[in-house]
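# Inside the fold
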Amino acid sequence: MAKNFVRENVPLSRFGVLVAQLESIVASAAQQPPDALLCFDLLSDLLSAIDDEPKESILLWQRKCEDALYSLLILGARRPVRHLASVAMARIILKGDGISIYSRASSLQGFLSDGKRSEPLRVAGGAQCLGELYRLFGRRITSGLLETTIIATKLMKFNEEFVRKEALYMLQNALEGSGGSAASSAYTEAFRLIMRFAVGDKSFTVRIAAARCLKAFANIGGPGLGVGELDNAATYCVKALEDPVSSVRDAFAEALGVLLALGMNPEAQVQPRGKGHSTLAKKLEGGLQRHLSLPFMKASGARSKDMRIGLTLSWVFFLQTICLKYLHPDGELQNLALQVMDMLRADTSVDAHALACVVYILRVGVIDLMTEPTQRSFLVLLGKQLQSPGVSPSMEVAALRTLSYTLKTLGEVPLEFKEVLDDTVVAAMSRSSQLVRIEAALTLRALAEVDPTCVGGLISYGVTILNALRENISFEKGSNLRIELDSLHGQATVLAALMSISPKLPLGYPARLPRSVLEVSKKMLTESSRNPVAAIVEKEAGWLLLSSLLASMLKEELEDQVFDILSLWAALFNGIPGYQIEQTGDLTSKVCVWSAAIDALTAFVRCFISSNAVNVGILLQPVLVYLSRALSYISLVGAKELPNMKPAMDIFITRTLIAYQSLPDPLAYKSDHPQIIQLCTTPFRDASGCEESSCLRLLLDKRDAWLGPWIPGRDWFEDELRAFQGGKDGLMPCVWENELSSFPLPETISMTLVNQMLLCFGIMFASQDNSGMLSLLGMIEQCLKAGKKQTWHAASVTNICVGLLAGLKALLALRPQPLGLEILSSAQAIFQSILAEGDICASQRRASSEGLGLLARLGNDIFTARMTRSLLGDLTGATDSNYAGSIALALGCIHRSAGGMALSSLVPATVSSISSLAKSSTAGFQIWSLHGLLLSIEAAGLSYVSHVQAALGLALDILLSEENGWVDLQQGVGRLINAIVAVLGPELAPGSIFFSRCKSVVAEISSWQEAATLLESVRFTQQLVLFAPQAVSVHSHVQTLLRTLSSRQPTQRHLAVSTLRHLIEKDPVSIIKEQIEDNLFHMVDEETDSEIGNLVRATIMRLLYASCPSCPSHWISICRNMGGVTSTYLGLLLGAGYNLRQM
């Protein structure tokens, strides 16, 4: 133990006072158990005092402090208290006399060895403290690792989940702290414990802890693990990727990646001491093929998507580990990228989900890790892949999509890639796969964006080739004709892609080019080939070109030909509908042409027809005639029930509904409403035959996203992959859209159709009179009742939520006056009926709650108050916890929608009811209640001040009572604290109990280094900057934010940069002293997220404006030192120099 340096008559320091208080609490524990909140406050202050206290004072009180902390831990403390006590124990030994580490570790091991199952809290406290000591002093106490492992094995037999979890956390800290320097038997026993007891535990939090132990094993070099053990561990990790809990899958995906990286690097494998004979470490031969590639290709069944996403993340972790930890040259990534692409070789038809996974690996795990020289050579390698024999369409699409991203990342077109361009990307424009041709066009579009000088030449060349191909198809037959038709479509697609970006390029484009392209498209539509097969392809290509022109060019450039353009649809959509259908032998091809024509008509509407456009009536009437005729075609073809027509008809219906939605006034086509409603109500009339919509992700309020099911992850690109709904088919990418989907074919055709039906239903619902709305609500209510106990009921409920949310949001835009009571009551009943089902998914619960909030906006204050009181009454008598949690969220949504003033009289009742619910022992239930309370706080504003103390007490109660450390619940507590900061604002003075407790809670939840809680910690800093600038110094804020700039989480980086910008605007003088310019410039050069990069540039410019008048020489020095470093810096500093001259 540390020597007792305490002397008589020495004045008590702040640290000494806190130690004395802690001793008093422990001494009186026999009469009165320690109060958790009192201990939490005291230990938070103690940690702060340890940091501030000089070593001499620490030495005076170290022995007493250690004894008091030890006594508190073995008394049995709550999780946050024992965590703070454990951290305090480790820090005081670190700062004081380190010799006591041996006796403390030994006494904790002795206590745990004798621990009883009837004392779980005491055992958990000892385990956590021992783990913390290993984390900081592991290399000094390696001799005790075997005994610690045996203790962990014993604790894994406890019934309490939190004890088993603490045992594994202790083991993880012991492994990482000891490194590979302990005895071989300790590692053998630890690995046996993990694989035999931990990985298959019934608790998902324990399984996550087990995965992290495997990761820890890999990080320290896998001491004691041979090829067999590594292979067995990797095999189990692959199996765990089918776990029903996503966080478990993610943990094992990371473990799998780092284990395989270790297996592929035998020189990094550690041989522990004490092993009988030293053997040369061996490489895990075939590990990537066995554990990553083959499981990916064989994935099937209900969990195939989960398995593929897990393997995708494992690939990325593997690639990142070998580059960033084992420092492999990035040139090796090229061969590994080919191995990744080989996983698509067996796909004769495109599997969109597998393709999306490979595109993600190539982008995040390969391109983003490469240096610029390697990216240049990789461009050539990818191009040559397009020429390789046996390449599948999916591989070609993956290569082309990756080429586009690499070109944009480089910002230039290397000469060596230009040399292979014709034989690779240009050749791909003639492939038989339409998707490959489109991706080739998009690659050339990316090339043109990077090198604008080539656009004019490419377009002129494309027009010439297109005219030549039109002549050729008049003479070709058989297979040669098919090749020529594919080439014609490919050239038209490239022209459409290039025209779409031409107006946005910095160098502009020759004025004659749009005219020449327009003339070509007109000829393709009006002078098509006499060969019916060729004519179909030619017309589709003509409509494609026209769509791009209309979507991309300014309408002023086309206004003089507007009526000529408008007449192009007359041949298709005039005359007798029945005759148009009967006159063709290949109806499917005809429908494809109609779809392309309607797509072009949509582009025409968006270009020329708006609510304030001149001559809108003259242009609108022909458009309405064409669309009405399209509806007639849909009705007539649908009545025939022809085989193999469904995909083409689904696309045609989808395009038609999109065209109607693009019209500014839905009442302009009122006569078509019955037919449109007949189409759009299909998901309600034939619910069993419709897929589940994917629109809720777009419709729901993103501020509630943390509730799930689409919880924001590491970055937006990963979020897109997790939400990906693609399958075996889908709408082709639109080459003239500004924002392309992250992955090709993001949805199946049938899902896209359901989405558009429901979105169009929303517009139709908002356009009806009261009786029409009631009729549609009645249909929905009938569908909801009929679906009870049916297998398709869940999908039907989602579709109902999408339709109603779309309708209510459309009503907000179209109807300024409140809705009738009967309509509001009917919609309210539907939403509450969905919530009353209890066990519904998170998206349906959010949608129904948000729908009730929208009703509050559409009704008057009387209706809103009555609905709120009704829900409060239901909340009081609710017996189903799921339903009660849903009502809590709904109440929060109502307060958010109606505003604090409208429901100020009901704030106390709402807060009281939801707070009571949030004290439940069910964690999932608490999360929904906490979010409902959060929304109520944000809406109430200053009127909530009187409830702040109770809300803070609630947050502390939840934190102190939750033993399993559920991250989602901790995030909810953090969000509640941040809401409290916004309400209290200036009252959060340094030293106040409110501020101290808020700070301590945020510090505690973020100490576990989980992404979700770290985000709330950064947001806490932002809230202080915005609402309580007096609480913390600018210097302290800046140090916190600078550490976050290097976070791997884009959301944290974005929040940190935006907060720095707030600080610059609020207190530029203090920020100038911090000299953060170097950090920001470094971030500009390293940032891969374009949105964050733009924010950083804007922040630098803001700092320049704020600081230049007072220290111009400082900025001149920056320009001198950094101006020539990179092209990124150069552009930014040139802008800075220009602005300096303006001052």
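Conventions and cut-offs
Residues numbered from 1 in each chain as written. Predicted model: local features only at pLDDT ≥ 70, side-chain atom pairs only at ≥ 80, totals over all residues. Heavy atoms only, no water. Helix = DSSP H or I, 4+ residues; strand = E, 2+ residues; numbered from the N terminus. Rg over C-alpha atoms; globule rule 2.2 N^0.38 Å. Buried < 20%, exposed > 50% of the residue type's maximum accessible area, 1.4 Å probe, protein only. Contact = heavy atoms within 4.5 Å. Areas by Shrake-Rupley, 256 points an atom, 1.4 Å probe, with all protein chains shown as cover. Axes fitted to C-alpha atoms, helices over the stretch in contact; angles between N-to-C directions. Parallel < 35°, antiparallel > 145°, perpendicular 65-115°, else oblique. Left-handed = near helix turned anticlockwise from the far one by under 90°. Nonpolar A, V, L, I, M, F, W, Y, C, P; charged D, E, K, R; others polar. Polar contact = N/O pair within 3.5 Å; in protein donor to acceptor, adjacent residues only side chain to side chain. Salt bridge = Lys/Arg side-chain N within 4 Å of Asp/Glu carboxyl O. Expected span 1.5 Å × (residues − 1). Arc of directions from axis to C-beta. Phe/Tyr/Trp six-rings, centres within 6.5 Å; stacked < 30°, edge-to-face > 60°. Lys NZ or Arg CZ within 6 Å of the ring centre and 35° of its normal. Core = buried A, V, L, I, M, F, W, Y, C linked by side-chain atoms within 4.5 Å.

Per an unreviewed UniProt entry, the protein chain carries the name HEAT repeat-containing protein 5B and comes from Liquidambar formosana.

### Focus on the overall build of the protein chain
When helices and strands are tallied, the protein chain shows 55 helices and 0 strands. Relative to the globule expectation of 32 Å for 1143 residues, the C-alpha radius of gyration of the protein chain, 33 Å, shows essentially globular dimensions. Taking the principal axes of the C-alpha coordinates as reference, the protein chain spans close to 110 × 75 × 70 Å. Per-residue burial for the protein chain yields a buried fraction of 58% across its 1143 residues. Of the contacts made within the protein chain by residues no fewer than 6 positions apart, 76% connect residues no fewer than 24 positions apart. In the structure as shown, the protein chain presents an accessible area of about 45000 Å², 53% of it carried by carbon and sulfur atoms.

### Structural notes on the packing of helix 1 (residues 14-27) against helix 3 (residues 55-76)
Packed helix pairs are characterised by how far apart their axes lie and by the angle those axes make with each other. The contact between helix 1 and helix 3 brings their axes to 9 Å, and the two run at 25°. By the angle between their directions, the pair helix 1 and helix 3 is classed as roughly parallel. At the point where helix 1 passes helix 3, the crossing takes the left-handed sense. Of the residues in helix 3, those in contact with Phe-15, Gly-16, Val-19, Leu-22, Glu-23 and Val-26 of helix 1 are Ser-57, Ile-58, Trp-61, Lys-64, Cys-65, Ala-68, Leu-69, Ser-71 and Leu-72. When grouped by side-chain class, the residues that make up the contact of helix 1 with helix 3 number 10 nonpolar, 3 polar and 2 charged.

### Re the side chain of Asp-231
Tracing the chain through its elements places Asp-231 in helix 11 (residues 227-240). When its relative accessible area of 19% is taken as the criterion, Asp-231 is described as buried. Here the side chain of Asp-231 touches Arg-290 through a polar contact of 2.9 Å, side chain to side chain. Setting aside chain neighbours within four positions, we find Asp-231 in contact with Leu-284, Arg-290 and His-291.

### Comments concerning the environment of Ser-826
Relative to the elements of secondary structure, Ser-826 occurs in helix 39 (residues 821-836). For Ser-826 and Gly-778, which are 48 residues apart along the polypeptide, the C-alpha to C-alpha distance reads 8.2 Å. In contact with Ser-826, not counting residues within four places along its chain, are Leu-774, Leu-777 and Glu-781.

### Details of the side chain of Arg-104
Among the structural elements, Arg-104 can be located in helix 5 (residues 100-113). Among the polar contacts listed, one links the side chain of Arg-104 to the side chain of Asp-67, at a separation of 2.4 Å.

### Notes on the pattern of salt bridges
For the structure on display, the rule yields 47 salt bridges. For Arg-104, the salt bridge goes to Glu-66, with nearest N and O atoms at 2.7 Å. One end of the pair, Arg-104, is in helix 5; the other, Glu-66, is in helix 3, with 38 residues separating them in the sequence. Its salt-bridge partner being Arg-437, residue Asp-486 comes within 3.3 Å of it at the nearest N-O pair. Of the two residues, Asp-486 sits in helix 22 (residues 478-501) while Arg-437 sits in helix 20 (residues 434-450), which places them 49 residues apart along the sequence. Neither residue differs from the other here; Asp-486 and Arg-437 are each classed as buried.

### Description of helix 5
Each α-helix winds once per 3.6 residues, and so residues spaced three or four apart point in a common direction. Counted at 1.5 Å a residue, the expected span for helix 5 with its 14 residues is 20 Å, and the 20 Å between its end C-alpha atoms agrees. For helix 5, the set of buried residues is Ser-100, Ile-101, Arg-104, Ala-105, Leu-108, Gln-109, Phe-111 and Leu-112. One side of helix 5 carries all its buried residues, which in axial view fall inside an arc of 165°. Each element contacted by the buried residues of helix 5 is listed here: helix 3, helix 4 (79-95), helix 6 (120-137), helix 7 (145-155) and helix 8 (161-178).

### Considerations on the packing of aromatic side chains
Within this structure, the stated rule accounts for 20 aromatic pairs. Judged by centre distance (4.8 Å) and plane angle (55°), the ring pair of Tyr-660 and Tyr-669 falls under tilted. The burial state of Tyr-660 is the same as that of Tyr-669; both residues are buried. An aromatic cluster is built from Trp-543, Trp-569, Phe-573, Trp-594, Phe-604, Phe-608, Tyr-626, Tyr-633 and Phe-652, whose rings are joined through pairwise contacts. Looking at Arg-845, its charged tip hangs above the ring of Trp-928, at a distance of 4.8 Å from the centre.

### Brief notes about the nonpolar core
The biggest cluster of nonpolar side chains holds 376 residues, and the ones touching the most others in it are Leu-46, Trp-543, Trp-569 and Phe-604. In terms of residue count, helix 29 (residues 587-608) provides more of this core than any other element does, 14 residues in total. Setting aside residues no more than four positions away along its own chain, Trp-569 makes contact with Trp-543, Leu-546, Leu-550, Ala-597, Ala-600, Leu-601, Phe-604 and Tyr-626. One finds Val-1018, Val-1057, Leu-1063 and Leu-1080 within the second-largest nonpolar core, a separate group that totals 30 residues.

### Observations concerning unusual backbone geometry
With an omega of 0°, the peptide bond running from Gly-708 to Pro-709 counts as cis. Relative to the assigned elements, Pro-709 resides in the loop between helix 34 (696-699) and helix 35 (716-722). Phi angles above zero are rare outside glycine, and Gln-1009 is one such case at about 60°. With respect to the secondary-structure elements, Gln-1009 resides in the loop between helix 47 (993-1006) and helix 48 (1011-1027). Taking the relative accessible area as the measure of exposure, Gln-1009 reaches 56% and is therefore exposed.

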